[in-house]
Amino acid sequence: MARVFDVVDASDMGPTEMMGRVPPSGSGDFRIGSQVVVRESQAAVFYRDGKALDTFGPGRHTISTANIPLLTGFLGALFNGRTPFTAEVYFVNMRDFIDMKWGTPEPISLRDKDLGLARLRAFGSYSMAISDPQMFVNKIVGAQGLYQTTQIQDYLRGIIISRMTALLGESKVGLFDLPALFDEMSAAIRVKVADDFGTVGITLKQMYLQSVSPTEETQKAIDERASMGAIGDMNRYMQFKAARAIGDAASNPGGGAGQGMGLGAGFGMGAGMGAGLAGMFGQAMQGAAQQPQQPQPAQPTPPAAPAAPATPAPAAGPAAVPDVMSLSEAAAYLKVGEADVQGLIDGGQLKAKKIGTQFRIAKKALDDFLES
């Protein structure tokens, strides 16, 4: 038998919860004369059969046929003014929700005018308030089947990421030019997202794009490109590298096969000049090999020493965990995704040091987080 509620309130709803439900599951029975207690910054919405019906503002209300006209009309003759009626009550938090976080759960791939293709992560924050509680309940609870705060936040985050990704693709702005346009991009994302939020009864107050960072693979490509730019004339650099490799080989002619392999690598890098120098070096080495060797007096062969017993090689131990890790190494250490580690850092749950565009995390910080 369903419980009959004489007093309906949501006194345990915290400031960060968007919605509370009475009863927590299923439906409850309410009667004429029951009390509905709505606190400041709350609104109570009666809900039945997929529709948000009557709404109560802050204060203490006594349920009567006068203040639930939609519910009375919905139930019709079955209600009869006396029989307890079955419904659910959703208490909606009307406060401003500030510093709400959003971020890409996985890197997004975009065309880049400098890199060709870049894989990026984006993070930011926003603030919002529920402006129409009845529409909010209809759209979020009725259409989406959501009422827990984490579910609603995931739904809103998906809207933001979708609009942000589309905007980045349309703008065709390169990764290196994005930091100078964060304010403009934030305003553009806000315009696009505000309409979507408005359709579910939410007013978007602020929207910030705080970080757009490359993945480690993209960062390596950026570092290589920067190194090439610092070198300048690539042909002269390759010739210099080839000449240096030949000089190293000449200073150690007894290096054997390993030196030959290094010399061959120098030849390939040197192209034109390297090949010429390699030929000269080869002729010089050949002439040295053809010079007659001075005869040496024969020496008596000493008796062979007894062979020493073989010492077994030590067993390989487990790979050492570095004291300082990159984002991918920290994710592997925690056995989670890189986006999860990035989210912990942005949320302040995991201490990390940002160097340039990369994060470095101490192993001790990871161990402290796991023990917390």
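So, here's what we can say about the structure.

What counts and what doesn't
- Residues numbered from 1 in each chain as written.
- Predicted model: local features only at pLDDT ≥ 70, side-chain atom pairs only at ≥ 80, totals over all residues.
- Heavy atoms only, no water.
- 1 Å grid on protein atoms, 1.4 Å probe; cavity = no way out; pocket = protein on both sides within 12 Å on 5 of 7 lines; lining within 4 Å.
- Points joined across faces, edges and corners; volume = space filled by probe spheres on them.
- Helix = DSSP H or I, 4+ residues; strand = E, 2+ residues; numbered from the N terminus.
- Pairing = 2+ DSSP bridges.
- Buried < 20%, exposed > 50% of the residue type's maximum accessible area, 1.4 Å probe, protein only.
- Contact = heavy atoms within 4.5 Å.
- Core = buried A, V, L, I, M, F, W, Y, C linked by side-chain atoms within 4.5 Å.

If you walk through the whole model with that rule in mind, you get one cavity of 30 Å³ or more. There is about 70 Å³ of room inside the largest cavity. Around the largest cavity, the lining residues are Arg121, Ser213, Pro214, Thr215, Glu216, Leu327, Glu338, Gln342, Thr357, Gln358 and Phe359. Mapped onto the lining of the largest cavity, the elements with two or more residues apiece are β11 (202-214), α9 (338-346) and β14 (358-362).

Here we take up the sheet that holds strand β12 (residues 324-325). Ordered in space as β12-β14-β13, the three strands form an open sheet in which the pairing is antiparallel. Edge positions in the sheet fall to β12 and β13 (353-355), since each has one partner strand and no second. As paired strands, β12 and β14 are joined by two bridges and run antiparallel to one another. Residue pairing across strands places Val324 opposite Ala362, the latter belonging to β14.

Before going further, it helps to spend a moment on the side chain of Ser211. Summarising the element assignment, Ser211 is placed in strand β11. A relative accessible area of 17% means that Ser211 is categorised as buried. Each residue touching Ser211, except ones within four places of it in the same chain, is listed here: Arg121, Ala122, Phe123, Phe182 and Lys354.

Attention now goes to unusual backbone geometry. The omega torsion across Val22 and Pro23 is -5°, close enough to zero to call that bond cis. With respect to the helices and strands, Pro23 occurs in the loop between β2 (19-22) and β3 (28-38). At Ser41, a position not held by glycine, the phi torsion is positive, near 65°. By the element assignment, Ser41 lies in the loop between β3 and β4 (42-48). Unlike most non-glycine residues, Asp99 shows phi in positive territory, near 55°. Within the secondary structure layout, Asp99 lies in strand β8 (residues 97-103).

What follows covers the nonpolar core. In this structure, Trp102, Tyr126, Met128 and Phe197 are the most contacted members of the largest nonpolar core, which totals 45 residues. Looking at this core element by element, the count peaks at eight residues for helix α3 (residues 149-171). The contact partners of Met128, leaving out residues within four places of it in the chain, are Met18, Arg95, Asp96, Phe97, Met100, Leu156, Ile202, Thr203, Leu204 and Lys205. If you look at the next biggest cluster of nonpolar residues, it comprises 15 residues, including Phe30, Val38, Ala44 and Val89.

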